[in-house]
Amino acid sequence: MKKYLFYFLVGSQNLYGEETLRQVNKNAEIMVKGFNSSPVIPCTVLFKPCLKTSAEVYAAVEQANNDPNCAGVICWMHTFSPSKMWIARLSALNKPYLHVDTQFNRDIPWDSIDMDFMNLNQSAHGDREHGYIAARLGLKRKVIAGHWQNEEFNREIGSWMRAAVGAVESKRLKIMRISDNMREVAVTEGDKIEAQIKLGWQVDHYGIGDLVETLNEVTEEETDRKMDEYRSYYTMDTDNIEAVRYQAKVQVAIKKMMDKGGYGAFHTNFEDLHGLKQLPGLASQDLSRLGYGFAAEGDWKTAGLSRTMKLMAGGLNGGTAFMEDYTYHFEPGNEMILGAHMLEVCPCLAAEKPKIQVHPLGIGGKEPPARAVFEAKTGKAIVVSLVDMGNRLRMIVNKIECVKQPKAMPKLPVAGVLWKPEPNLKTSAEAWILAGGAHHSVLSFDISAEQMADFAEMTGIEFILIDEKTEIPAFRRELFYNDVARKLMD
Ligand code: MN
């Protein structure tokens, strides 16, 4: 995450004189050092000499816009910086924008405070001027107030940075489709042009024949190497090594195609497996483990979302993965959802060393596919769904608590996750369905609902939250108001 840079743009003006401005730069440098040594700030904050004129603001924003490693700007007004000088460039900023309202000194030095001190430490004053112009321009931004050495303040900046990394990486994401959506399925459909306009995703189609052709070129040596990797990461719990080797071959082929075209995510479709012996199970799982985005059944939206969220979670090890609501447990007072997929749950969610097994699949009519099987981690997480409402993309997030499986499921040979949704299963399911949330989602132990809200704002998509405070009547009103607002905006 350290490769992502955040420009620290400190505003001022020439009125203060050289001595004060020197002090402004000195203080800002100390603060940047502090940010960069904070364990809760994952990326790099870059010091820039304070900006005193419209030309300097112009040059700094221009540089941020054009620096591929720059994932956002953090603005702070040490002194008063007249905001008319920010208008021209701030409105052209194309990177995520955070305004921190902080101050170099924590306390007022009661005994020594004089007018010079007041003029130097004017954030309470300058940050309001800066906030006004951002509000007036209608800029998408986050505002975080607090002292720069406060841990919670740093944590909030760090959290926002991960959303910014998602927004910036989203802009350069390419998604490789293998086949189309499943026939007749609605929720996995979507406007790929709108997704590219808002999220930046380039969504390209390949036929199953392209995969078969690449598969035929995979060598035994390449397959052997992949098998060695499997043996080191998984427990080989099958005698059907040929079936596992087949998945290894498929994985090598899909990875070749993705690397060749610069793709970060892909999907499969079990209705379209002509020329393949098995549905890609272990192959998809292991590619997900390595950080590629994945979803099944032609769901390019969830594939792109899983890749983006995996990048946002860089360096964290809770797990972020494609998920599907499968089966309910309606025991009174202990209601839960069992999430799984036919095969393809990412091993990053495993609480134990995953086992490779080979079992027949009820649908698809192909040979029994190899897959990794495991019980999942427990703890607080979120599930995120991205749907196309026709005139906009909508993101739905539900806070959940993953719990331990109370009993073994010996006849279900797939990876599974069991969770209790907030505020409870009844309200969560009603709200999710009212909002049009899909059966596919991305589950993450590492990313918070607030980070997804920040990401949604940065990319200009609608955000709907289901959490401990959700009540259906107010939730329905929110959906209605959002529809009205959208119509007014069109
Ligand atoms: Mn599915």
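Calculation notes
- Sequence order sets the numbering: in each chain, residues are counted from 1 along the sequence as written.
- Local features in this predicted model are restricted to residues whose pLDDT is 70 or higher, and side-chain atom pairs enter the listing and the counts only when it is 80 or higher, whereas totals over whole chains, interfaces and linings include all residues.
- Side-chain descriptors were evaluated using all non-hydrogen atoms of the structure, hydrogens and water having been removed beforehand.
- Labels follow the DSSP assignment, with helices taken as runs of H or I lasting at least four residues and strands as runs of E lasting at least two, numbered in each case from the N terminus.
- Contacts are assigned to residue pairs that have any heavy atoms within 4.5 Å of one another.
- Only centres within 6.5 Å qualify two rings of Phe, Tyr or Trp (six-membered ring in Trp) as a pair; their planes then separate them into stacked at under 30 degrees, edge-to-face at over 60, and tilted for everything else.
- Accessible area is worked out with a 1.4 Å probe on protein chains only. A residue is then buried under 20% of its type maximum, exposed over 50%, and partly exposed in between.
- To define axes, lines are fitted to C-alpha atoms, for helices over the stretch in contact only, and angles between the resulting N-to-C directions are given on a 0 to 180 degree scale.
- In a left-handed crossing the near helix is turned counterclockwise from the far helix by less than a right angle, and in a right-handed crossing that turn is clockwise.
- The pairing criterion for strands is at least two bridges between them, as found by DSSP.
- Roughly parallel covers angles under 35 degrees, roughly antiparallel covers those over 145, roughly perpendicular covers 65 to 115, and oblique covers all other angles.
- For this classification, Asp, Glu, Lys and Arg are treated as charged, while Ala, Val, Leu, Ile, Met, Phe, Trp, Tyr, Cys and Pro are nonpolar and the rest, including Gly, are polar.
- By definition here, a salt bridge exists when the distance from a side-chain nitrogen of Lys or Arg to a carboxyl oxygen of Asp or Glu is within 4 Å.
- Only nitrogen, oxygen and sulfur atoms qualify as donors, provided they sit within 2.8 Å of the metal or within 3.2 Å for Na, K and Ca; with water excluded from the atoms, sites may seem incomplete.
- The definition of a nonpolar core used throughout is a set of buried Ala, Val, Leu, Ile, Met, Phe, Trp, Tyr and Cys residues joined through side-chain atoms within 4.5 Å.
- Throughout the structure description, domain borders are defined by an automatic or database domain assignment.
- Two parts placed together each lose some accessible area; with a 1.4 Å probe, that loss summed over both constitutes the buried area.

Section: the environment of Gly436
Among the structural elements, Gly436 can be located in the loop between α13 (425–434) and β18 (440–444). Contact partners of Gly436, with chain neighbours within four places excluded, come to Val187, Val387 and Ile396.

A word on the packing of aromatic side chains
What the rule picks out here adds up to 12 aromatic pairs. Ring plane angle 80° and centroid distance 6.4 Å describe the contact between Phe35 and Trp148, whose orientation is recorded as edge-to-face. In this pair, Phe35 is assigned in helix α1 (residues 18–37) and Trp148 in the loop between β5 (142–145) and α6 (151–170), connecting sequence segments 113 residues apart. For the pair formed by Phe35 and Trp148, the shared burial category is buried. Each residue in the set Phe8, Phe35, Trp76, Phe104 and Trp148 is aromatic and connected to the rest through ring pairs, giving one cluster.

Side note on the packing of helix α12 (residues 300–312) against helix α14 (residues 449–459)
Contact geometry of α12 with α14 gives a least axis separation of 12 Å together with a crossing angle of 115°. Of the two elements, α12 crosses α14, and the hand of that crossing is right-handed. Facing α12, whose interface residues are Leu305, Thr308, Met309 and Met312, α14 presents Gln451, Met452 and Phe455.

Thoughts on the sheet that holds strand β6 (residues 174–178)
Reading across the sheet, the 4 strands line up as β7-β6-β9-β10 and stay open at both edges, with parallel pairing between neighbours. Two strands close off the open sheet at either side, each with one partner strand: β7 (202–206) and β10 (293–295). Between one strand axis and the next, the sheet turns by 20° as a mean value, whatever way the strands run. As defined by bridge partners, β6 adjoins strand β9 (residues 265–267) across 3 bridges and the pair is classed as parallel. Bridge assignment links Arg177 to a residue of β9, and that residue is His267. Of the strands in this sheet, β6, β7, β9 and β10 touch α12, which is tilted by about 150° from β10.

Section: helix α11 (residues 282–289)
Within α11, 7 of the 8 residues are buried, which leaves it mostly tucked inside the rest of the structure. Buried within α11 we find Leu282, Ala283, Ser284, Gln285, Asp286, Leu287 and Ser288.

What about the packing of helix α9 (residues 220–233) against helix α10 (residues 241–261)?
Close contact between α9 and α10 brings their axes to 9 Å; oriented N to C, the two are set at 110°. It follows that α9 is roughly perpendicular to α10 by the angle criterion. Along the contact surface, α9 presents Glu220, Glu222, Thr223, Asp224, Lys226, Met227, Tyr230 and Arg231, while α10 presents Ile241, Val244, Arg245, Gln247, Ala248, Lys249, Gln251, Val252 and Lys256. Residues belonging to the contact of α9 with α10 are distributed by class as follows: 6 nonpolar, 3 polar and 8 charged.

Details of the sheet that holds strand β14 (residues 370–373)
Taken in spatial order, the 3 strands of this open sheet run β8-β13-β14, and their pairing is mixed. Edge positions in the sheet fall to β8 (235–236) and β14, since each has one partner strand and no second. As defined by bridge partners, strand β13 (residues 355–358) adjoins β14 across 4 bridges and the pair is classed as antiparallel. Bridge pairing links Gln357 to Arg371 in β14. The strands that α11 touches are β13 and β14; relative to β14, the one it contacts most, it runs at about 50°.

Some thoughts on the pairing of strand β16 (residues 393–403)
Along β16, 9 of the 11 residues are buried, which leaves the element largely enclosed by surrounding structure. In terms of strand pairing, strand β15 (residues 379–388) meets β16 through 10 bridges, oriented antiparallel. Across the sheet, Ile382 pairs through a bridge with Lys399, a residue of β16. Where β15 folds back on β16, the antiparallel hairpin that results is connected by 4 residues, among which Gly390 adopts a positive phi of roughly 95°. Of the strand pairs in this sheet, β16 and strand β19 (residues 462–466) are connected by 5 bridges, and their pairing is parallel. Note on β19: the bridge partner recorded for Arg394 is Glu462. Sheet topology note: the β16/strand β17 (residues 416–421) ladder contains 4 bridges and is antiparallel. By the bridge assignment, Glu401 is partnered in β17 with Lys420.

Section: the pattern of salt bridges
According to the stated counting rule, one finds 28 salt bridges in the structure shown. Of the charged contacts, one joins Glu468 and Lys469 as a salt bridge, the two residues approaching to 4.0 Å between their closest N and O atoms. Relative accessible area serves as the criterion here: at 41%, Glu468 is assigned to the partly exposed category. The class for Lys469 is exposed, based on a relative accessible area of 65%. Overlapping salt bridges, with partners in common, bring together Lys226, Glu229, Asp286 and Arg289 in one network.

Considerations on the coordination of the manganese ion
Within the first shell, the manganese ion binds the protein through Glu297 (OE), Glu297 (OE), Glu324 (OE), His341 (NE2) and His440 (NE2), at distances of 1.8 to 2.7 Å. Each donor residue of the manganese ion lies on one chain, and together they are spaced E-x26-E-x16-H-x98-H. In this pair, His341 is assigned in the loop between β12 (336–340) and β13 and His440 in strand β18, connecting sequence segments 99 residues apart.

Remarks on the nonpolar core
Ranked by size, the top nonpolar core spans 89 residues in total, and within it Phe6, Phe8, Ile157, Met395 and Met452 carry the most contacts. A per-element tally of this core places α6 first, with 9 residues. If you count residues domain by domain, this core takes at least three from each of domain 1 (5–170) and domain 2 (174–489). When sequence neighbours within four positions are dropped, the list of residues in contact with Phe8 reads Ala28, Met31, Val32, Phe35, Val45, Leu46, Lys48, Ile74, Trp76 and Val100. Formed by 32 residues, the second largest nonpolar core is a distinct cluster that contains Ile337, Val345, Val383 and Ala431.

Some details on the domain arrangement of the chain
As far as domains go, the chain holds domain 1 (5–170) and domain 2 (174–489). When each unit is reduced to the centre of its C-alpha atoms, the spacing between domain 1 and domain 2 is 37 Å. Across the contact, 14 residues belong to domain 1 and 18 residues belong to domain 2. Between domain 1 and domain 2, a total of about 1300 Å² is buried, with carbon and sulfur atoms accounting for 53% of that surface. If you sort the residues of domain 1 by the area they bury against domain 2, Lys140, Arg162 and Ser170 come out on top, with a joint share of 45%. As a salt-bridge pair, Glu450 and Lys142 come within 2.5 Å of each other at their nearest N and O atoms.

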